[in-house]
Amino acid sequence: MKLRMESIGTTLVVKPDGELDQSCATELRTDIDREIIRTHTKNLILDLGNVTFMDSSGIGMIIGRYKQIQARGGKTMIIRPQPQVDKVLELSGLKKIVECG
Amino acid sequence: MENYMKLEFPSKSQNEAFARAAVGVFVAQLDPTLEELSDIKTAVSEAVTNSIVHGYANAKGSVELICRLSGREVTVTVIDTGKGIPNIELAMQPLYSGTDDEDRSGMGFTVMESFMDTLEVESEVGRGTSVTMTKRIGTTIYV
Ligand SMILES: Nc1ncnc2c1ncn2[C@@H]1O[C@H](COP(=O)(O)OP(=O)(O)OP(=O)(O)O)[C@@H](O)[C@H]1O
Ligand SMILES: [Mg+2]
């Protein structure tokens, strides 16, 4: 799993690449959290366009970041999920609490 | 179609991707739709991940996976000889996680249940867990 991150003002755009499962969730979480603190992120955009697979480990990782961003008074947004990823997001109820585009 | 395959691998998280990919390639001979295939792969990923992170709690152990094709039905069984589940009914509830890891959503069993047609869990504390799930290929109705 590769990860690209870009800060635009107070918004952090996170773009993982590959399959998001338990084997990379912890590393992903650490990298994102570090960047949130380093760049004083308020809002988070998760660009899932290049995520080719995701399971509940990804859901847990996203909910954890969502809670952090919420605690900072910001908003989380998920964009471009592929069909398999979208189905897992839908089932988890995440689409009701996080803005999805 | 009557066919089966059996895999055994150590409880390393790199093997999650291997297990779901192997099942995906094996099931492909039934000519499933992309959605059916990714449903099965996602469910396999959940069961295998649970064996690795909960069954063996990231310690050394071995996971067994059996995939059977019978007619249009796929049966996947994932077995570990790890710590077992004290209360299966509770464990299977949506959002329940037996860990205090805040990054576990407790959705694994819910994913298996909704992406497959049937799900059966057998477990004994101190002996291990066996998860069996089935899915019929080709029941999607196109309108
Ligand atoms: N193979 C197993 N061995 C021991 N305990 C298990 C096993 N599979 C599941 N469990 C128990 O059942 C609980 C629920 O599992 P489930 O997959 O639904 O959620 P989770 O793994 O906690 O979170 P998520 O899958 O969303 O990351 C686990 O937290 C664990 O306590
Ligand atoms: Mg799980």
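Reference entry: report on the structure contained in this document. (Residues numbered from 1 in each chain as written. Chains lettered and ligands numbered in written order. Predicted model: local features only at pLDDT ≥ 70, side-chain atom pairs only at ≥ 80, totals over all residues. Heavy atoms only, no water.)

### Topic: the overall build of chain A
Here comes step 1: Within chain A, the regular secondary structure consists of four helices and six strands.
Here comes step 2: Starting at the N terminus and walking to the C terminus, you meet the elements of chain A as β-β-α-β-β-α-β-α-α-β.
Here comes step 3: Computed over the C-alpha atoms, the radius of gyration of chain A is 12 Å, within 12% of the 13 Å expected from 2.2 N^0.38 for a compact globule of 101 residues.
Here comes step 4: For chain A, the spread of C-alpha atoms along the three principal axes comes to 30 × 25 × 20 Å.
Here comes step 5: Burial analysis of chain A (101 residues in total) assigns 50% to the buried set.
Here comes step 6: Counted over contacts in chain A with a minimum sequence separation of 6, partners at least 24 positions apart contribute 70%.
Here comes step 7: Positive and negative side-chain charges in chain A, numbering 15 and 13 respectively, have mean positions lying 5 Å apart. (Helix = DSSP H or I, 4+ residues; strand = E, 2+ residues; numbered from the N terminus. Rg over C-alpha atoms; globule rule 2.2 N^0.38 Å. Buried < 20%, exposed > 50% of the residue type's maximum accessible area, 1.4 Å probe, protein only. Contact = heavy atoms within 4.5 Å. Lys, Arg positive; Asp, Glu negative; His and termini not counted. Charge placed at Lys NZ, Arg CZ, Asp CG, Glu CD.)

### Here's the deal with the pairing of strand E5 (residues 76-79) of chain A
Along a regular strand, successive side chains alternate from one face of the sheet to the other.
All names here are of chain A.
Here comes step 1: Of the two faces of E5, only the one carrying Thr76 and Ile78 is buried; Met77 and Ile79 on the other face are not.
Here comes step 2: With four bridges connecting them, strand E3 (residues 43-47) and E5 associate as parallel partners. Residue pairing in the sheet places Leu46 in a bridge with Ile78 of E5. (Pairing = 2+ DSSP bridges.)

### A short note on the environment of Ser51 of chain B
Residue and element names in this part refer to chain B.
Here comes step 1: For Ser51, the location among the structural elements is in helix H2 (residues 34-55).
Here comes step 2: Residue classification places Ser51 among the buried residues on the basis of a relative accessible area of 4%.
Here comes step 3: In this structure the C-alpha to C-alpha distance between Ser51 and Glu120, which are 69 residues apart in sequence, comes to 15 Å.

### Remarks on the pattern of salt bridges
Here comes step 1: Taken as a whole, this structure holds 17 salt bridges over all chains when the rule is applied.
Here comes step 2: With a closest N to O distance of 2.7 Å, Glu35 of chain B and Lys87 of chain A form a salt bridge. On the criterion of chain membership, the pair formed by Glu35 of chain B in helix H2 and Lys87 of chain A in helix H3 (residues 83-92) is interchain, its members lying in two chains.
Here comes step 3: Of the residues examined, Glu35 of chain B reaches a relative accessible area of 45% and is grouped as partly exposed.
Here comes step 4: Exposure remark for Lys87 of chain A: the relative accessible area of 26% places this residue in the partly exposed category.
Here comes step 5: Of the charged contacts in the structure, one is a salt bridge between Asp39 of chain B and Lys135 of chain B, with a shortest N-O distance of 3.4 Å. Of this pair, Asp39 of chain B sits in helix H2 while Lys135 of chain B sits in strand E5 (residues 128-136); the two residues are 96 residues apart in sequence, bridging distant segments of the chain. For the pair shown, Asp39 of chain B and Lys135 of chain B are each scored as buried.
Here comes step 6: Linked by salt bridges that have partners in common, Arg29, Asp33 and Arg65 of chain A together with Asp101 and Asp103 of chain B make up one network. (Salt bridge = Lys/Arg side-chain N within 4 Å of Asp/Glu carboxyl O.)

### Focus on the layout of surface pockets
Here comes step 1: In this structure, the largest pocket encloses a volume near 580 Å³.
Here comes step 2: If you trace the largest pocket, you find 31 residues lining it, with Asn50, His54, Ile85, Ala91 and Phe109 of chain B closest to the centre.
Here comes step 3: Taken together, the elements giving at least two residues each to the lining of the largest pocket come down to helix H2 (56-71) of chain A together with H2, strand E3 (73-80), helix H3 (88-91), helix H4 (108-115) and E5 of chain B.
Here comes step 4: No other element matches the seven residues that H2 of chain B contributes to the lining of the largest pocket.
Here comes step 5: Tallied by class, the residues present in the lining of the largest pocket amount to eleven nonpolar, 16 polar and four charged.
Here comes step 6: As a volume, the second largest pocket reaches approximately 330 Å³.
Here comes step 7: Looking at the second largest pocket, it is lined by 15 residues, and the ones nearest its centre are Thr52, Pro83 and Gln84 of chain A together with Leu34 and Ser38 of chain B.
Here comes step 8: Looking at the lining of the second largest pocket, the elements that each hand over two or more residues are strand E4 (51-54) and H3 of chain A together with H2 of chain B.
Here comes step 9: Top contributing element to the lining of the second largest pocket by residue count: H2 of chain B, with seven residues.
Here comes step 10: For the lining of the second largest pocket, a count of residues per class yields five nonpolar, five polar and five charged. (1 Å grid on protein atoms, 1.4 Å probe; cavity = no way out; pocket = protein on both sides within 12 Å on 5 of 7 lines; lining within 4 Å. Points joined across faces, edges and corners; volume = space filled by probe spheres on them. Nonpolar A, V, L, I, M, F, W, Y, C, P; charged D, E, K, R; others polar.)

### Focus: H3 of chain A
Since there are 3.6 residues in each turn of an α-helix, residues three or four apart along the chain are aligned in direction.
Here comes step 1: Considered for burial, the residues of H3 of chain A that qualify are Gln84, Val85, Val88, Leu89 and Ser92 of chain A. An end-on view of H3 of chain A places all buried positions within 135° of arc, on one side of the element.
Here comes step 2: Looking at the buried residues of H3 of chain A, the elements they touch are E4, H2, E5 and helix H4 (94-97) of chain A together with H2 and H4 of chain B.
Here comes step 3: Directly after H3 of chain A, the chain includes Gly93 of chain A, whose backbone phi takes a positive value near 85°. (Arc of directions from axis to C-beta.)

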